[in-house]
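# Remarks on the overall topology
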Amino acid sequence: SQELEQSPQSLIVQEGKNLTINCTSSKTLYGLYWYKQKYGEGLIFLMMLQKGGEEKSHEKITAKLDEKKQQSSLHITASQPSHAGIYLCGAGRIQGAQKLVFGQGTRLTINP
Amino acid sequence: NAGVTQTPKFQVLKTGQSMTLQCAQDMNHEYMSWYRQDPGMGLRLIHYSVGAGITDQGEVPNGYNVSRSTTEDFPLRLLSAAPSQTSVYFCASSYSIASGSKWDTQYFGPGTRLTVL
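Here goes a summary of the coordinates provided. On a predicted model such as this, the values are computed, not experimentally measured, just so you know.

Our focus in this paragraph is the pairing of strand 6 (residues 55–58) of chain A. The side chains of a regular strand alternate between both faces of the sheet. Residue and element names in this part refer to chain A. With four bridges connecting them, strand 6 and strand 7 (residues 61–66) associate as antiparallel partners. Of the residues in strand 7, the one forming a bridge with His58 is Ile61. Linking strand 6 back to strand 7 in an antiparallel pair, the connection comprises two residues, with Glu59 at a positive phi of about 55°.

As structure tokens, this is what we get:
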């Protein structure tokens, strides 16, 4: 099984709806990165969470870190077509950001 | 700043050929890493470096070599290409000493799409 599991693997939502993507680690989390990737393109950094209970927001995207559950969630409010893409979580271990382990990604489709 | 640049964008190789994927960053970052992305498997770490002259293996290092002679450059060499190395390769960099945090934002390059026939 994967060290970092993302759920769901794919998600189709109606424009304007809210959605949540989860990222669960089988090991202790020291830093958790969220990225967005458009098909065939590079990764765009969204947010990084480091402390348990930490919550960050950027425009309509909010990410939280639950240290006890070794889990992070990414929540999108009032989804728009521009939110469509693949969302990836990457976890750092104690050494730092040079060795990230990634989840398999969540493919998000927004229907108009 | 150009950020993280990678060349080439696309490459087709025949089995057994060798080549070097180039990666450069202009942010004075200490950490640089190479990942490969395959369908349904997310990104997997190939090799990484924590500074010039220092490299180490990641999760899937076999068939690849790296070196880091300067802070800016981190080339990835395929010694004898195999069809299993068909993938999209991403270079990433993070952490400048001036920032003071090893959990700095990690920036990714645009990727190199490699096909091995």
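We now examine the environment of A:Val101. Residues and elements named next belong to chain A. Tracing the backbone shows Val101 in strand 10 (residues 96–102). Placed 97 residues apart in sequence, Val101 and Leu4 show a C-alpha to C-alpha distance of 7.1 Å. In contact with Val101, not counting residues within four places along its chain, are Glu3, Leu4, Cys89, Gly90 and Ala91.

All names here are of chain B. The antiparallel open sheet is built from four strands, whose spatial order is 1-3-8-7. Across the chains shown, the open sheet's two edge strands, defined by having one partner strand only, are strand 1 (4–7) and strand 7 (64–66). When the angles between neighbouring strand axes are averaged without regard to direction, this sheet yields 20°.

On to the sheet that holds strand 3 (residues 19–25) of chain A. Paired through their backbone hydrogen bonds, the strands of a sheet run either parallel or antiparallel. All names here are of chain A. Ordered in space as 1-3-8-7-6, the five strands form an open sheet in which the pairing is antiparallel. At either margin of the open sheet sits one strand with a lone partner, and together these are strand 1 (4–7) and strand 6. Direction aside, the axes of adjacent strands within the sheet are offset by 15° on average. Sheet analysis places strand 3 next to strand 8 (residues 71–76), joined by six bridges and oriented antiparallel. Paired with Leu19 across the two strands is Ile76, which belongs to strand 8.

Another point: the interface of chain A and chain B. Contacts between the two partners involve 26 residues from chain A, matched on the other side by 22 residues from chain B. Counting each side, the surface lost to burial between chain A and chain B is near 1900 Å², with a carbon and sulfur contribution of 57%. The largest per-residue losses of area from chain A upon contact with chain B belong to A:Leu43, A:Gln98 and A:Phe102, which jointly make up 28% of the total buried on that side. Among the elements that take part in the side of chain A that touches chain B, strand 10 of chain A stands out by supplying six residues, more than any other. The residue inventory of the side of chain A that touches chain B, partitioned by class, reads eleven nonpolar, twelve polar and three charged.

Residue and element names in this part refer to chain B. Tallied over the entire structure, the rule returns five salt bridges over all chains. The residue Asp38 makes a salt bridge to Arg36 at a minimum N-O spacing of 2.9 Å. As far as burial versus exposure is concerned, Asp38 and Arg36 are alike and both buried. Counted as one network, the salt bridges with shared partners bring together Arg36, Asp38 and Arg44.

Attention now moves to the packing of aromatic side chains. Residue and element names in this part refer to chain B. Applying the stated criterion to the full structure yields ten aromatic pairs over all chains. On the basis of an interplanar angle of 40° and a centroid distance of 5.7 Å, the ring pair of Tyr35 and Phe108 is categorised as tilted. Here Tyr35, found in strand 4 (residues 31–37), pairs with Phe108, found in strand 10 (residues 107–108); they are 73 residues apart in sequence, far enough to count as distant. Each member of the pair, Tyr35 as well as Phe108, is classed as buried. Between Phe90 and Phe108, the aromatic rings sit 6.4 Å apart at their centres with planes inclined by 80°, giving edge-to-face as the arrangement. Placement of Phe90 in strand 9 (residues 87–94) and of Phe108 in strand 10 is noted, with a sequence separation of 18 residues between them.

So, about the state of the cysteines. Residue and element names in this part refer to chain A. Across all of its chains, the model carries two disulfides over all chains by this definition. Across a sulfur-sulfur distance of 2.0 Å, Cys23 and Cys89 are joined as a disulfide pair. In this structure the cystine formed by Cys23 and Cys89 twists about its S-S bond by roughly 80°; its chirality is therefore right-handed. Within this pair, whereas Cys23 is found in strand 3, its partner Cys89 is found in strand 9 (residues 85–93), the two being separated by 66 residues in sequence. Relative accessible area serves as the criterion here: at 2%, Cys23 is assigned to the buried category.

What counts as what
- Residues numbered from 1 in each chain as written.
- Chains lettered and ligands numbered in written order.
- Predicted model: local features only at pLDDT ≥ 70, side-chain atom pairs only at ≥ 80, totals over all residues.
- Heavy atoms only, no water.
- Pairing = 2+ DSSP bridges.
- Helix = DSSP H or I, 4+ residues; strand = E, 2+ residues; numbered from the N terminus.
- Contact = heavy atoms within 4.5 Å.
- Axes fitted to C-alpha atoms, helices over the stretch in contact; angles between N-to-C directions.
- Buried area = accessible area lost by both parts, 1.4 Å probe.
- Nonpolar A, V, L, I, M, F, W, Y, C, P; charged D, E, K, R; others polar.
- Salt bridge = Lys/Arg side-chain N within 4 Å of Asp/Glu carboxyl O.
- Buried < 20%, exposed > 50% of the residue type's maximum accessible area, 1.4 Å probe, protein only.
- Phe/Tyr/Trp six-rings, centres within 6.5 Å; stacked < 30°, edge-to-face > 60°.
- Disulfide = S-S within 2.5 Å.

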